[in-house]
Structures are given as structure tokens and as C-alpha cells.
Amino acid sequence: MGDGVGSVARRQLPLRPAGPDTVAALLDWYDRERRDLPWRMRRGRRADPYKVWLSEIMLQQTTVKAVIPFYEKFLLRWPTVEALAAADLDDVLAAWAGLGYYSRARNLHKCAQAVVSEHGGRFPRTETELGTLPGIGPYTAAAVAAIAFGEPATPVDGNIERVVSRLFAVRRPLPGAKREIKRLAESLTPQRRAGDFAQAMMDLGATVCSPKRPSCLVCPLQQDCHAHALGIEAQLPVKLARAERPVRFGTAFLALREDGHVLVRKRPEAGLLGGMLEIPSTDWGDDWLQADLALVQQPVRADWWAVPGVVSHTFTHFRLELQLFRAIVPVEASMTFWASPERCRWVPRHELHSAALPSVMKKAIAHALREH
């Protein structure tokens, strides 16, 4: 049966199947080459479960480079799980703004409260117990158990998935191969230094076993890598073609009061961007609303001006196109029914940078305020 992955053997298949020697070689490499990351402790020092958990939640769907400044500011403001549990959710969402996937921030806050109220401020150490906390799925439970507590757990992120699929030459396409890759990764996880092993696999995938051009000549696992022996490492893991993202369309309104305040609205807690702030907008639909129909939903009665151009933003499952209207309104301006006034407030323009605005709304506001 064809699998779409052709092989060009470079040499005989490795005589040494992946096993304990593979693990030893990787840990030796990690001791020399490990990345210096702010949530990691030096070898021999016990990891802080709070820092490990916080970093793992932030790193979901986000790069290390993007996470580090957010992580450092977050930790300065809330240095302990008790401090985070006592924080106001709106403050947490504002600090998270720019990291995306905002349900993570809400669950982060809920999880901190659960750790304090149900576990006396101490994170449980096993995968099973960790998995009962809000926002902690199988990957995060395994990562925290292994890295923070040394439990022989096996987290599998995108980097580890890629390393394992190449090491064992797994040709079945993702996502169907996930269970097999998890089983193979578990077969390597050592009883001792499980956390270092997991982080070594992550580092190897991030720095050596990269997606398009893996640096096989400097890889500590080259001798064990079946994909390299077959000449197919760059083709693995096999991924099914993604369907093209659908496009949704909406109209947003930038109301700028004469005293320099901007009208913002809190989105419902449930759903996309839940609990974050937005400038009032129409629903996001399958086509543009005509201008006269869109203006029916204006949040303040005013002379609205259509801002030239469109703001585009890509979410995980769709792309959004926003057209903007802008108006200068008097201080005494009252809101319409369409604004949902109970969820609205006026924010000074100079304070918008610290408000809980997601990236798409920051783009929209910047576009609407720009002189055209």
C-alpha cells in the first residue's frame, strides 16, 4: 500500500534500535547543549511547579521567543500561585493580551484558585491528579509531572512528535499516528531524569531536528534514526493537507469621545475571545453587510465615517476581515441598544495599551485611529 513517502537509503538501517543507549546519548547532549530558559532550574536543583505550569500553559500554540517577555512580566506581578489566585480576572486577561487563545488565561486563573482552595497551594504531583485541574490536559499534566516532580511521565508536543516520528520512521500520517507516537515515546521515557529527558526531546526538536531542514550531522541520535537511514527525515512526520480556512466578515465601530476616551465592550465569557475587550462590532458572518445595514447596529448615534481599507486577522479555524467605521462623539453621548451598554465602558485612549484587548482589536483600533 502506498504511503506517499519514498525512501532513499543512505546506509544500512541502524544496528542499534532506539532504547536505553538512545536515552543516555540524548541526556549527555542535553547536559552540554540545553537551552537557558527562565523557567528552567540548573541541574540538581528542584524545579518550581508553579513556574513549570505557567510556562507550559503559555507555550501552548506559542513560540518560546514570544512567551519569554510575557512570562517574565507575569511572574513579576504574580510570583506565586497564591498571588495569581487572588488576582482580578480582568487584570490577568489584560496581562495575557497578545498571547492569544484567551481561554487559556481564564483557565489559568481558575486552576490557580483550585490549587489554592483544594490543594493548599501545592500542585499535585501525578498526571492523574494534575489532569483534574482546570485547563490542564494530558500533555500539560505529563509535562508538569515529569519536569516539576520527576515522575516518569511522557509529554508529547510538536517537537517531540517530530523527533519520535523520525527516530522510528513512523510513516502513518498525523493525526492518525498520534497514539503510536505516544506509545513509542513512552517506550523511551526513563524512570530517572524523566523531566530532563522530556526537555531534551523538546530542545532537540526545536534546535536540531527542525521541521524542514534537520541538522542530522550534529544530531546525537543520528546513529539511532531510522528516518535518516532511509533518507526520509525531511518528509516526516507526514501530515494530511489542511482544508483552507473559511473567511468571516464583520463591521467594527471606533467611537472616540471628544475628551479622548474610546468606547470598548466586554465580550461574553463563553466563546471566542471570551471575557476580552473589543470595540463594538456586528456579528461575524459569511459575507459583508451593506454599509446601511451595518450602521443600523452603530453603538452611538453619530456621523460615522468609513475608514478606508480592511483589517485582516487569522484565527485557528478561520480568517476574519473587518471593515471599520469611526466617529467623534460628544462627552454626553448615550449608547444605543445595539451597543449592549451594560457591557460597555469608555477607556482613555492613552490607557488602551494596558487594557485586555486581543491582537485583532489592537489592530482594528490602530487602523481606525490612523490618519488616512
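Look above for the structure.
The following refers to the structure shown. (Residues numbered from 1 in each chain as written. Predicted model: local features only at pLDDT ≥ 70, side-chain atom pairs only at ≥ 80, totals over all residues. Heavy atoms only, no water.)

## Notes on the overall build of the protein
No. 1: Counting its regular elements, the protein contains 14 helices and 6 strands.
No. 2: Overall, the protein is about 80 × 50 × 30 Å in size when its C-alpha atoms are taken along their principal axes.
No. 3: Evaluated residue by residue, the protein yields a buried proportion of 50% over its 372 residues.
No. 4: Across the protein, every contact between residues at least 6 apart in sequence was considered, and the portion connecting residues at least 24 apart equals 72%.
No. 5: Put simply, the protein shows about 18900 Å² of open surface, and 52% of that area lies on carbon and sulfur atoms.
No. 6: Within the protein, the 40 negative side-chain charges are centred at a point lying 5 Å from the centre of the 49 positive side-chain charges. (Helix = DSSP H or I, 4+ residues; strand = E, 2+ residues; numbered from the N terminus. Buried < 20%, exposed > 50% of the residue type's maximum accessible area, 1.4 Å probe, protein only. Contact = heavy atoms within 4.5 Å. Areas by Shrake-Rupley, 256 points an atom, 1.4 Å probe, with all protein chains shown as cover. Lys, Arg positive; Asp, Glu negative; His and termini not counted. Charge placed at Lys NZ, Arg CZ, Asp CG, Glu CD.)

## Quick look at empty space enclosed by the protein
It is a probe the size of a water molecule, rolled over the atoms, that shows where empty space is left.
No. 1: Applying the stated criterion to the full structure yields 2 cavities of 30 Å³ or more.
No. 2: Quantified by volume, the largest cavity comes out at close to 120 Å³.
No. 3: The leading source of residues in the lining of the largest cavity is helix α9 (residues 158-167), at 3 residues.
No. 4: Looking at the lining of the largest cavity residue by residue, the class counts come to 10 nonpolar, 3 polar and 2 charged.
No. 5: Space inside the second largest cavity adds up to approximately 50 Å³.
No. 6: What lines the second largest cavity is Ala153, Thr154, Pro155, Ile160, Ala185, Thr189, Phe197, Ala198 and Met201.
No. 7: Looking at which element gives the most residues to the lining of the second largest cavity, the answer is helix α11 (residues 194-207), with 3 residues.
No. 8: In the lining of the second largest cavity, the residues fall into 7 nonpolar, 2 polar and no charged. (1 Å grid on protein atoms, 1.4 Å probe; cavity = no way out; pocket = protein on both sides within 12 Å on 5 of 7 lines; lining within 4 Å. Points joined across faces, edges and corners; volume = space filled by probe spheres on them. Nonpolar A, V, L, I, M, F, W, Y, C, P; charged D, E, K, R; others polar.)

## Re the pattern of salt bridges
No. 1: Inspection of every chain in the model, using the stated rule, returns 13 salt bridges.
No. 2: The closest approach of N and O atoms between glutamate 269 and lysine 266, which form a salt bridge, is 3.4 Å.
No. 3: The exposure class assigned to glutamate 269 is partly exposed, which follows from its relative accessible area of 39%.
No. 4: Owing to a relative accessible area of 24%, lysine 266 belongs among the partly exposed residues under this scheme.
No. 5: A single network of salt bridges, built from pairs that share partners, joins Asp31, Arg193 and Asp196. (Salt bridge = Lys/Arg side-chain N within 4 Å of Asp/Glu carboxyl O.)

## Side note on the environment of valine 307
No. 1: The residue valine 307 is located in strand β4 (residues 305-314) in this model.
No. 2: Distance in space between the C-alpha atoms of valine 307 and leucine 324 is 5.4 Å, their sequence separation being 17 residues.

## A look at the pairing of strand β6 (residues 344-348)
No. 1: Burial analysis of β6 places 4 of its 5 residues in the buried class, the great majority of the element.
No. 2: In this sheet, β6 lies alongside strand β2 (residues 261-266) in antiparallel orientation, the contact comprising 5 bridges. Residue pairing in the sheet places histidine 261 in a bridge with proline 348 of β6. (Pairing = 2+ DSSP bridges.)

## A word on the side chain of histidine 367
No. 1: The residue histidine 367 is located in helix α14 (residues 359-369) in this model.
No. 2: Here histidine 367 falls in the buried class, since its relative accessible area comes to 9%.
No. 3: At a separation of 2.8 Å, a polar atom in the side chain of histidine 367 contacts the main-chain carbonyl oxygen of proline 308. (Polar contact = N/O pair within 3.5 Å; in protein donor to acceptor, adjacent residues only side chain to side chain.)

## Considerations on unusual backbone geometry
No. 1: The linkage connecting leucine 174 with the following residue, proline 175, adopts the cis geometry, with an omega of 5°.
No. 2: Mapped onto the elements, proline 175 comes out in the loop between α9 and α10 (178-188).
No. 3: In this model, leucine 236 is joined to proline 237 through a cis peptide bond whose omega is -5°.
No. 4: With respect to the helices, strands and loops of the structure, proline 237 is situated in the loop between α12 (226-230) and β1 (247-257).

## Focus: α10
No. 1: Residues of α10 that are buried include every one of Ile181, Leu184, Ala185 and Leu188, and no others. Taken around the axis of α10, the buried residues stretch over an arc of 100°, which confines them to a single face. Residues of α10 that are exposed and point over 90 degrees away from its buried face: Arg179 and Ser187.
No. 2: Where α10 is buried, its residues touch α1 (20-33), α9 and α11. (Arc of directions from axis to C-beta.)

## Some details on the packing of helix α5 (residues 89-96) against helix α6 (residues 103-119)
No. 1: Interaxial distance between α5 and α6 falls to 9 Å at its minimum, and their mutual angle equals 135°. It follows that α5 is oblique to α6 by the angle criterion. The handedness of the crossing between α5 and α6 is right-handed. Facing α5, whose interface residues are Leu89, Val92, Leu93 and Trp96, α6 presents Arg104, Ala105, Arg106, Leu108 and His109.
No. 2: The residue makeup of the contact of α5 with α6, split by class, is 6 nonpolar, 1 polar and 2 charged. (Axes fitted to C-alpha atoms, helices over the stretch in contact; angles between N-to-C directions. Parallel < 35°, antiparallel > 145°, perpendicular 65-115°, else oblique. Left-handed = near helix turned anticlockwise from the far one by under 90°.)

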